[in-house]
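Chain by chain, the residues:
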Amino acid sequence: MQKKWINDGDAILVTASNGFSISEGLNLFADDKKLREVLGNLVDKYHLPNLLMALNYKYPNPLDQWRAFARIIEYYSNNYEESNYMQDLKQIIGNKPYFIWTSNIDHHFSLAGLKNVFEIEGNWLEAVCSQHPDEDGIYNISSKIHDIYLKDQAETLTEADLPTCDKCGAPLVLNLASEEFQIHQKRLAAFQDFIEKYEDQNLLVLELGIGPQNQMIKAPSMQLVAADQNSHYITVNKGQLLIPDLIKERSIGYSSSIGAAFKELLTGKSFGAKTVGPEKPKPRPQYTPEQIREREKAMQNFYPNYMADQGFRPGSFPMYITVDETHPSYLHTVQFGQSWMYSLGDAAIVHCFTQEGQYYQVRLGLNKTKGEVHGFYVDPGTFIAIENIENKVGFSQLNTQIPLNSSSEVLVPRKDKLLQLFPNQRDIIERLTAN
Ligand SMILES: [Zn+2]
């Protein structure tokens, strides 16, 4: 089945996130022997628990900052050798038109010789001017990194060796998600051309190591599949699969290692990898206009200020909610999983109460340095409430997708039960329970 999907596909969209990098041996989150091997004395000097912290740490001087960058980038990218995973992937793609859409910053797909790559969060072999990031262009600093690495090893590194902007002389900063980040316009345009060309054809989305919460790549690529009846979706993510009902019939999920999944995809034979799907979606109840009006009335209790839009994507419609000081969205849950995206205005805070008794908050907005995310996914059955962060002024607009004909009854939590389960969140529960 999956082999046929690959063979019959007009084009392949490969989407990949950190699960793929981890398979290749680059784990940004791990505190292991390799961390010390790569970063050397910087680990103890700054108590660095992992590579992610090493990349984002506010070092007291630019020399140590670039030492850390150079040691990491030299090890993982300048010395990169094509992995078995890359070889398998190239074989799966074969001669078909393809594009790689990734949030990985290691540049491995390009280093392995794949040409059509869109890196949504940039890559660490590129830098921009710290003073005029949007005017002075994107610099490739691969060889500069190599020089810094060599001088660091020889203990001769000075500030004069650090990269500066050719146009104005200001220091360069890595072109990664930050305030200075510049999207590579040419690659973005090529990627958009690819999507436009194939979105109505027999497109295969092959998703590698993307967590269910990823909204930058996973949600829109699932929407692409949902929108086009000819397309297929293969996802590989050990232990954490998310396949919406809407596309189940045309989806296969591998809860296995990427290596095992590739082996099956290449041979069309089973090697015992755990898979789910494809399966028929559950029949959905059809609502009468009266029931729909009822539902809208119920929705208004939880979203005092919302607007639903008849779909531009078949199968679902977008809903926009606006929250401000006097109009929060009150505690409620829906039976389907839901992605929430920031769209306009100030940042918003989403309070989440899970069925398992966990409470967490997500900040929806644009300012990454404040821990804000552009979007996230809520598991089915989670109670959520949303309010404006700057409670006194302004407003936030967010959007989500409501499946058409879904059994999307809004569920109200029992306040006494919630208070019992979440005594520490009493304030929030009291404030954000609809009357
Ligand atoms: Zn400059």
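Residues numbered from 1 in each chain as written. Predicted model: local features only at pLDDT ≥ 70, side-chain atom pairs only at ≥ 80, totals over all residues.

Novice: Just to check I follow, could you spell out the overall build of the protein for this structure?
Specialist: For the protein, the helix and strand inventory stands at 15 helices and 19 strands. Here the protein has a C-alpha radius of gyration of 24 Å; the compact-globule value for 435 residues is 22 Å, and the two agree. Its C-alpha atoms put the protein at 75 × 55 × 40 Å along the principal axes. Sequence-distant contacts in the protein: of pairs separated by 6 or more residues, those separated by 24 or more amount to 68%. (Helix = DSSP H or I, 4+ residues; strand = E, 2+ residues; numbered from the N terminus. Rg over C-alpha atoms; globule rule 2.2 N^0.38 Å. Contact = placed C-beta atoms within 7 Å.)

Novice: Is there a simple way to explain the environment of I384 in this structure?
Specialist: The topology assignment puts I384 in strand β18 (residues 383-388). Residue class for I384 comes out buried when judged on the 21 C-beta atoms lying within 10 Å of it. Once you skip the residues sitting within four places of it in the chain, I384 turns out to touch T333, V350, H351, C352 and V378. (Buried ≥ 20, exposed ≤ 12 C-beta atoms within 10 Å, placed from the backbone.)

Novice: What is the right way to read the packing of helix α7 (residues 84-93) against helix α12 (residues 258-267) from this model?
Specialist: For any two helices packed against each other, the geometry is given by the interaxial angle and the distance between the axes. Packing of α7 against α12 brings their axes to within 10 Å, and their N-to-C directions diverge by 30 degrees. What the angle tells us is that α7 and α12 run roughly parallel. α12 is crossed by α7, and the crossing has left-handed handedness. In this structure, α7 contributes Y85, D88, Q91 and I92 to the contact, and α12 contributes I258, G259, F262, L265 and L266. Residue composition of the contact of α7 with α12, grouped by class: six nonpolar, two polar and one charged. (Axes fitted to C-alpha atoms, helices over the stretch in contact; angles between N-to-C directions. Parallel < 35°, antiparallel > 145°, perpendicular 65-115°, else oblique. Left-handed = near helix turned anticlockwise from the far one by under 90°. Nonpolar A, V, L, I, M, F, W, Y, C, P; charged D, E, K, R; others polar.)

Novice: I tried to follow the sheet that holds β18 on my own but got confused; where do I start?
Specialist: The pairing of strands in a sheet happens through backbone hydrogen bonds and is either parallel or antiparallel. Overall, antiparallel pairing links the four strands, which are arranged β13-β18-β15-β16 in an open sheet. If you trace the sheet from one side to the other, it starts and ends with β13 (329-332) and β16 (359-364), each paired once. Within this sheet the neighbouring strands show an average axis-to-axis angle of 20 degrees, counted without direction. Strand direction decides the pairing type here: β13 and β18, joined by two bridges, are antiparallel. Bridging from a neighbouring strand, S329 pairs with I386 of β18. (Pairing = 2+ DSSP bridges.)

Novice: Can you help me understand the nonpolar core in this one?
Specialist: Note on soluble globular proteins: their nonpolar side chains tend to be buried together. Core analysis: the biggest nonpolar cluster contains 44 residues, and I12, L13, V14, I100, L204 and L208 have the highest contact counts within it. When neighbours within four sequence positions are excluded, L208 is seen to be in contact with V14, T15, A16, G19, F20, V236 and I258. L26, L35, F69 and W124 belong to the second largest nonpolar core, which has 28 residues in total. (Core = buried A, V, L, I, M, F, W, Y, C linked by C-beta atoms within 7 Å.)

Novice: Could you clarify how one ought to interpret the confidence of the model for the protein in this entry?
Specialist: In low-pLDDT regions, the fine details of the predicted coordinates are not to be read closely. Mean pLDDT over the protein stands at 87; residues scoring 70 or higher make up 91%. Note on residues 310-314: pLDDT is under 50 here. Beyond four places in sequence and across chains, it has eight contacts. (pLDDT = per-residue confidence, 0-100.)

Novice: What am I meant to see in α12 here?
Specialist: It helps to recall that an α-helix has 3.6 residues per turn; residues three or four apart then point in one direction. For α12, the complete set of buried residues consists of I258, A261, F262, E264 and L265. The arc that holds the buried residues of α12, viewed along the axis, is 165 degrees, so those residues lie on one side. Where the residues of α12 are buried, they touch α1 (2-8), α2 (18-23), α7, β7 (203-208), β8 (232-236) and β9 (251-254). After α12 finishes, the residue G268 shows a positive phi value of roughly 75 degrees. (Arc of directions from axis to C-beta.)

Novice: Can you walk me through the packing of helix α6 (residues 62-78) against helix α9 (residues 142-153) in this structure?
Specialist: Look at α6 against α9: their axes get within 9 Å of each other, and the N-to-C directions meet at 115 degrees. Both α6 and α9 take part in a crossing whose hand is left-handed. Along the contact surface, α6 presents W66, R67, F69, A70, R71, I73, E74 and N78, while α9 presents S142, I145, H146, I148, Y149 and D152. Its residues assigned to classes, the contact of α6 with α9 shows seven nonpolar, three polar and four charged.

Novice: How should I be thinking about the sheet that holds β9 in this particular structure?
Specialist: The strand order β3-β2-β1-β7-β8-β9-β10 describes an open sheet built from seven strands, whose pairing is mixed. In this open sheet, the two strands that pair with only one neighbour each are β3 (117-119) and β10 (275-276). As paired strands, β7 and β8 are joined by five bridges and run parallel to one another. Paired with L204 across the bridge in β8 is H232.

Novice: What is the right way to read helix α11 (residues 218-227) from this model?
Specialist: All of the buried residues in α11 are K218, S221, M222, V225 and A226. The buried side chains of α11 occupy one side of the element, clustering within an arc of 150 degrees when seen end-on. Those residues of α11 that are buried lie in contact with β1 (11-16), β7 and β8.

Novice: What is the right way to look at the pairing of β9 in this model?
Specialist: Taken residue by residue, a regular strand's side chains alternate between the two faces of the sheet. Here β9 shows a buried face lined by S251 and G253 and a second buried face lined by I252 and Y254. One ladder, built from four bridges, connects β8 with β9; its direction is parallel. Counted as the bridge partner of I234 is I252 from β9. Sheet analysis places β9 next to β10, joined by two bridges and oriented antiparallel. Across the sheet, residue Y254 finds its bridge partner in β10, namely T275.

Novice: Honestly, the environment of R414 in this entry has me stumped. Any pointers?
Specialist: Looking at where R414 falls in the secondary structure, it is placed in the loop between β19 (395-403) and α14 (415-421). In this structure R414 comes out as exposed when scored by C-beta crowding, with 11 C-beta atoms within 10 Å. Remark: the alpha-carbon pair of R414 and Y76, spanning 338 residues in sequence, is separated by 51 Å.

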